[in-house]
Amino acid sequence: MTSVVPLSASAGPRPQRAAPPGALLLGADYRALGVVRSLGRQGVPAIVIREPGEPLAATSRYAVRSRAWPAGGEAERLAFLEDLAARQGLAGWALIPSSDETAALVARRHGRLAEHFVHTSPAWEQIQWAYDKRRTHELATRVGVPAPHTVCPRTPEAAAAAEIAFPAVLKPAIKDVSNKLTVAKAWRVDGPEELRRRFAEACAFSDPEILMVQELIPGGGEAQLSFAALCDEGEPLAWLTARRTRQYPADFGRASTFVETVDCPEIVEPSLRLLREIGWSGLIEVEYKRDPRDGVLKLLDMNPRVWGWQSLCGRAGVDFPHLLWRWISGDTVPPATALAGVGWLRLSTDTPTAMKELLAGRLPIREYARSLRRPRESAIFAWDDPLPGLSEGPMLVSVLLRRLLRGDAV
């Protein structure tokens, strides 16, 4: 069993106050879908703000309605949210970001939005350490948490001359726009000349100031572990650990396809060291990967919002969105225990991923069969809320076609 820490005495109970009238989900992808279902099953109304081509959470029976983000940038989105509060009767509702971009928007405008809404995520002073991967690496160095060797070379020539082991990955520290590089998440490079060429290519999509080159830790998702938590000023209210057993692509996955809860006390202490250092409040996922060359677990990312497989947590016994709701409402977060060995499966993406691994001989068929037999949560389909599952196929086809037309990675 995976232990879940109850409300810490040092954090103290939050002041009692009335619960918000409902939740405003900033996003409608599968991350938001899990939140909408969790809250809806507890009787909490949720309204979904959807991005283009992102219908899943908006189709849920638990979403009371949905609205589309306006065209434009941060100023237009801020004005849109303020209008929802002032003229659409949503003042006092809770804001729940479901992406790095919306979490950053809320964080940068934290004070202004607090005049209209109840926050569930922290201000920029905290979120910057997870949103900007350069700062994440700086934080890990400061508190002594191992991380992959990383350089920020600024020019293609400096990249080619950098002291970095190959293979390596080239990636942006901030993913504030959707383009060929951010959709791919990272580009693998296998030598200095390829790195120079790919760095020059990346400069067409991202400011070279935010480009990072990082050693690629060998292995797939089976070596990647996560610490997921709800915290109050750096103190854990609830947490669990999980393994990203299968992902796509296998070496530096853009997305999980099969995740399972596991006992991994080894990542708890370093995670708490990071979160206490920045006084984190709200939901977060901290990702590690075990380096087979030295056996050390190394920090990969800190995701400052609800994570893709969070609906697994409720099936395992720790319903994070509901606990988050109790926390912002001033209620005590009750102790809980997460069951190890509970799985989460996104069938549409896991099937081709698993077939590829089976054919390559990297995934034993017995292990694959075991993963399908164990207790598990579906990423999209739910018997009490079937429409998102029926919508996923057409949505994936639409996303694939758009990426192909743009020349993005698929």
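Just so it is clear, the model here is predicted, and its values are computed rather than measured. (Residues numbered from 1 in each chain as written. Predicted model: local features only at pLDDT ≥ 70, side-chain atom pairs only at ≥ 80, totals over all residues. Heavy atoms only, no water.)

(A) Representation of the overall build of the protein chain. Helix and strand counts for the protein chain come out as 15 helices and 18 strands. Its C-alpha atoms give the protein chain a radius of gyration of 21 Å, near enough to 22 Å, the size a compact globule of 410 residues would have. Overall, the protein chain is about 60 × 50 × 45 Å in size when its C-alpha atoms are taken along their principal axes. Within the protein chain, the proportion of its 410 residues that are buried is 55%. (Helix = DSSP H or I, 4+ residues; strand = E, 2+ residues; numbered from the N terminus. Rg over C-alpha atoms; globule rule 2.2 N^0.38 Å. Buried < 20%, exposed > 50% of the residue type's maximum accessible area, 1.4 Å probe, protein only.)

(B) Summary view of the sheet that holds strand E9 (residues 187–189). If you walk across this open sheet you meet the four strands as E7-E10-E8-E9, and the pairing is antiparallel. In this open sheet, the two edge strands, each paired with only one partner strand, are strand E7 (150–151) and E9. Relative to strand E10 (residues 211–215), E7 is paired through two bridges, and the arrangement is antiparallel. Pairing of Thr150 across the sheet is with Gln214, part of E10. (Pairing = 2+ DSSP bridges.)

(C) Spatial organisation of the sheet that holds strand E6 (residues 118–119). Taken in spatial order, the five strands of this open sheet run E4-E3-E2-E5-E6, and their pairing is parallel. Either end of the sheet is taken by a strand with one partner, and the two such strands are strand E4 (63–68) and E6. When strand E5 (residues 94–97) meets E6, the two strands line up parallel, connected through two bridges. Each bridged residue has a counterpart across the sheet, and for Leu95 the counterpart in E6 is His119. In this fold helix H12 (residues 320–328) packs onto strand E2 (23–26), E5 and E6, with an angle of close to 145° to the strand it touches most, E5. (Contact = heavy atoms within 4.5 Å. Axes fitted to C-alpha atoms, helices over the stretch in contact; angles between N-to-C directions.)

(D) Looking closely at the environment of Val64. Along the chain, Val64 falls in strand E4. Excluding anything up to four places from it in sequence, Val64 contacts Pro45, Ala46 and Ile47.

(E) Broad picture of the packing of aromatic side chains. Applying the stated criterion across every chain, the model contains eight aromatic pairs. Their ring planes at 75° and their centres at 5.3 Å tell us that Trp307 and Phe320 sit as a pair that is edge-to-face. Taken together, the residues Trp307 in the loop between strand E15 (297–303) and helix H11 (311–316) and Phe320 in helix H12 connect sequence positions 13 residues apart. Of the two residues, Trp307 and Phe320, neither departs from the other in class, the shared state being buried. A connected cluster of aromatic rings, assembled from ring pairs, spans Trp307, Trp309 and Phe320. The cationic tip of Arg135 hangs over the ring face of Trp129; the distance from NZ or CZ to the ring centre is 3.9 Å. The cationic tip of Arg198 hangs over the ring face of Trp187; the distance from NZ or CZ to the ring centre is 3.9 Å. (Phe/Tyr/Trp six-rings, centres within 6.5 Å; stacked < 30°, edge-to-face > 60°. Lys NZ or Arg CZ within 6 Å of the ring centre and 35° of its normal.)

(F) Geometry of the pattern of salt bridges. Across all of its chains, the model carries 32 salt bridges by this definition. The salt bridge involving Arg134 is made with Asp132; its shortest N-O contact spans 2.7 Å. Its relative accessible area of 9% is what places Asp132 among the buried residues. Here the salt bridges do not stand alone but share partners, grouping Glu215, Asp291, Arg293, Asp294 and Lys298 into one network. (Salt bridge = Lys/Arg side-chain N within 4 Å of Asp/Glu carboxyl O.)

(G) Representation of the pairing of E10 in the model. Most of E10 is tucked away: five of the five residues are buried. With burial as the criterion, each face of E10 is covered, one bearing Leu211, Val213 and Glu215 and the other bearing Met212 and Gln214. Two strands pair when backbone bridges link them, and strand E8 (residues 168–172) and E10 are joined in this way by five bridges, in the antiparallel orientation. Bridged to Pro172 within E10 is Leu211.

(H) Fine view of helix H2 (residues 74–87). The end-to-end C-alpha separation of H2 is 20 Å, in line with the 20 Å expected for 14 residues at 1.5 Å each. Turning to H2, its buried residues are Arg77, Leu78, Phe80, Leu81, Glu82, Asp83, Leu84 and Ala85. For H2, the elements touching its buried residues are E2, strand E3 (46–50), E4, helix H3 (100–108) and helix H4 (110–114). Looking one or two residues past H2, Gly89 carries a phi angle of roughly 75°, positive in sign. (Expected span 1.5 Å × (residues − 1).)

(I) A look at the environment of Asp319. Looking at where Asp319 falls in the secondary structure, it is placed in the loop between H11 and H12. Considered as a pair, Asp319 and Leu39 are 280 residues apart in the sequence and their alpha carbons are 9.5 Å apart. Not counting chain neighbours up to four residues away, the residues in contact with Asp319 comprise Ser38, Gln42, Cys313 and Gly314.

(J) Highlighting the environment of Pro335. By the element assignment, Pro335 lies in the loop between H12 and strand E16 (336–338). Residue classification places Pro335 among the exposed residues on the basis of a relative accessible area of 62%. Taking the C-alpha atoms as reference points, Pro335 and Arg276, separated by 59 residues in sequence, lie 20 Å from one another.

(K) Structural context of unusual backbone geometry. Omega for the peptide link from Phe166 to Pro167 comes to 5°, which places this bond in the cis form. Within the element layout of this structure, Pro167 appears in the loop between helix H7 (156–161) and E8. One non-glycine residue, Lys185, adopts positive backbone phi at about 80°. Judged by relative accessible area, Lys185 falls into the partly exposed class, the value being 22%. Not every positive phi belongs to a glycine, and Glu233 is a case in point at roughly 55°. When its relative accessible area of 61% is taken as the criterion, Glu233 is described as exposed.

By themselves, these are just geometric observations and shouldn't be taken as functional.
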